Amino acid sequence: HWNGARMAEGYADSGHIFSVDFNRKVIVYWWLSAMFALTVSFIGIPLLIIWLPFGWLVHRKQFENLACALTNRSINIRMGWLFKKQQNIPLDMLTDVQIHEGPILNALGVVKMSFETAGSTPFYLTGVKDGPKFRDIILKQRDSLSLTQSAAAAISTPESLSNDVLVEIRDILQQINANFSGEDE
């Protein structure tokens, strides 16, 4: 299983920096949220009898299959029991990391984090232990990555890039000229 252990290595997981631990009380939060949703819906009230014992097992399995890791270039999240999902959030696209708290979340000592990226809807992750610390580590890595990319861009000066383009244009023109010369003969 994924939770509590480092995620399986793959291309997206290379450059591992930090693995997230999750608060087991998130199971209670998920279960209460589902019970509330079933209670307020007319159709869900009969399902409460089934969900009362069964829902706890489903949410426990969801927790066991929850993992999150920070790499040098992305946040990798894996979740799901029956329907598994993997989300890789590139740090260079990350615009904001928010921590959401509320009365039920606070009572359980659980935080909900949202990750906002340029051009897409936020991704939510509930139950991260020490959410503010994780947020700070993410933002430091994102800023470090952007500084590294800025330095790399500064090294390749516009003059050297324009010279490369001019050399490529010259080579193409020579090839075109050779093709026309070959057709005249």
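Refer to the structure presented above.
Description of the structure in this document. Starting from 1, residues in each chain are numbered consecutively following that chain's sequence as written. It should be noted that, the model being predicted, local features are given only for residues of pLDDT at least 70 and side-chain atom pairs only at 80 or more, the latter also being counted only at that level, while totals for whole chains, interfaces and linings use all residues. For the side-chain quantities, the full set of heavy atoms in the structure was used; hydrogens and water were omitted.

**Structural notes on the overall build of the protein**
Link 1 in the chain: The numbering of helices and of strands both runs from the N terminus, where a helix is a DSSP run of H or I of at least 4 residues and a strand a run of E of at least 2. Assigned secondary structure in the protein consists of five helices and seven strands.
Link 2 in the chain: For the protein, the sequential pattern of α-helices and β-strands runs β-α-α-β-β-β-β-α-β-β-α-α.
Link 3 in the chain: Accessibility here uses a 1.4 Å probe with only protein chains present; expressed as a share of the type maximum, an area under 20% marks a residue as buried, one over 50% as exposed, and anything in between as partly exposed. A total of 185 residues make up the protein; the buried ones form 31% of that total.

**Examining the sheet that holds strand 5 (residues 94-100)**
Link 1 in the chain: Pairing between strands is defined by DSSP: at least two bridges between the two strands are required. Taken in spatial order, the three strands of this open sheet run 5-6-7, and their pairing is antiparallel. Whereas interior strands pair on both sides, the edge strands pair on one side only; in this sheet they are strand 5 and strand 7 (123-126). Adjacent strand axes in the sheet meet at a mean angle of 20 degrees when their direction is disregarded.
Link 2 in the chain: Here strand 6 (residues 112-117) runs beside strand 7; their pairing, made up of four bridges, is antiparallel. Bridged to Phe-115 within strand 7 is Phe-123. Here, axes are lines fitted to C-alpha atoms. For helices the fit covers the stretch in contact, and angles between N-to-C directions go from 0 to 180 degrees.

**Structural notes on the nonpolar core**
Link 1 in the chain: Core analysis: the biggest nonpolar cluster contains 28 residues, and Ile-75, Phe-115, Phe-134 and Ile-138 have the highest contact counts within it.
Link 2 in the chain: In terms of residue count, helix 1 (residues 26-40) provides more of this core than any other element does, four residues in total.
Link 3 in the chain: Throughout, a residue-residue contact means that at least one pair of heavy atoms, one from each residue, lies within 4.5 Å. If we skip the residues at most four places from it in the chain, Ile-138 touches Leu-70, Ile-75, Leu-91, Leu-94, Val-97 and Phe-115.
Link 4 in the chain: We define the nonpolar core as a collection of buried residues of types Ala, Val, Leu, Ile, Met, Phe, Trp, Tyr and Cys that are connected through side-chain atoms lying within 4.5 Å of one another. Judged by nonpolar contacts, the second largest core, of seven residues, contains Trp-31, Leu-38, Leu-48 and Trp-51.

**Here's the deal with the layout of surface pockets**
Link 1 in the chain: Put plainly, a pocket is an open set of points on a 1 Å grid over the protein atoms alone with protein on both sides within 12 Å along at least five of seven lines, a cavity is a set where a 1.4 Å probe fits but cannot get out, and a lining residue has an atom within 4 Å of a point. Grid points are joined across faces, edges and corners, and a volume is the space filled by probe spheres set on the points. The volume enclosed by the largest pocket comes to roughly 310 Å³.
Link 2 in the chain: Along its surface, the largest pocket is lined by 13 residues, and Trp-30, His-59, Gln-62, Met-79 and Gly-80 are the ones closest to its centre.
Link 3 in the chain: At the level of secondary structure, the elements contributing two or more residues to the lining of the largest pocket comprise helix 2 (44-64) and strand 7.
Link 4 in the chain: In this count, Pro and Cys sit with the nonpolar residues alongside Ala, Val, Leu, Ile, Met, Phe, Trp and Tyr, while Asp, Glu, Lys and Arg are called charged and the others, Gly among them, polar. Tallied by class, residues from the lining of the largest pocket come to nine nonpolar, four polar and no charged.

**Some remarks on the environment of Leu-32**
Link 1 in the chain: Mapped onto the elements, Leu-32 comes out in helix 1.
Link 2 in the chain: Taking the C-alpha atoms as reference points, Leu-32 and Leu-52, separated by 20 residues in sequence, lie 9.8 Å from one another.

**Details of helix 1**
Link 1 in the chain: With 15 residues, helix 1 should cover 21 Å at 1.5 Å per step; its first-to-last C-alpha distance of 21 Å lies within 8% of that length.
Link 2 in the chain: Taken together, the buried residues of helix 1 touch helix 2, helix 3 (103-108), strand 6 and strand 7. Here a helix's expected span is defined as the number of its residues, less one, multiplied by 1.5 Å.

**Some thoughts on the pairing of strand 3 (residues 74-79)**
Link 1 in the chain: When you tally the buried positions in strand 3, you get five out of six residues, the bulk of the element.
Link 2 in the chain: As paired strands, strand 2 (residues 67-71) and strand 3 are joined by four bridges and run antiparallel to one another. Bridging from a neighbouring strand, Ala-69 pairs with Asn-76 of strand 3.
Link 3 in the chain: Where strand 3 meets strand 4 (residues 85-90), six bridges bridge the pair, whose relative direction is antiparallel. The residue of strand 4 that forms the bridge with Arg-78 is Gln-86.
Link 4 in the chain: Here strand 3 hands over to strand 4 after five residues, with Gly-80 in that stretch at a positive phi of 110 degrees.

**Things to note about the packing of helix 1 against helix 2**
Link 1 in the chain: At their nearest, the axes of helix 1 and helix 2 sit 9 Å apart, and the two run at 160 degrees to each other. Looking at the two axes, helix 1 sits roughly antiparallel to helix 2. Of the two possible hands of crossing, helix 1 and helix 2 adopt the one that is right-handed. Residues Val-26, Ile-27, Val-28, Trp-30, Trp-31, Ala-34, Met-35, Leu-38 and Thr-39 of helix 1 form the contact with helix 2, whose own contacting residues are Gly-44, Ile-45, Leu-47, Leu-48, Trp-51, Leu-52, Gly-55, Trp-56, His-59, Arg-60, Gln-62 and Phe-63.
Link 2 in the chain: For the contact of helix 1 with helix 2, the residue count by class is 15 nonpolar, five polar and one charged. Angles are sorted into four bins: roughly parallel if under 35 degrees, roughly antiparallel if over 145, roughly perpendicular if 65 to 115, and oblique for all others. Handedness of a crossing follows from how the near helix is turned relative to the far one, being left-handed for an anticlockwise turn of less than a right angle and right-handed for a clockwise one.

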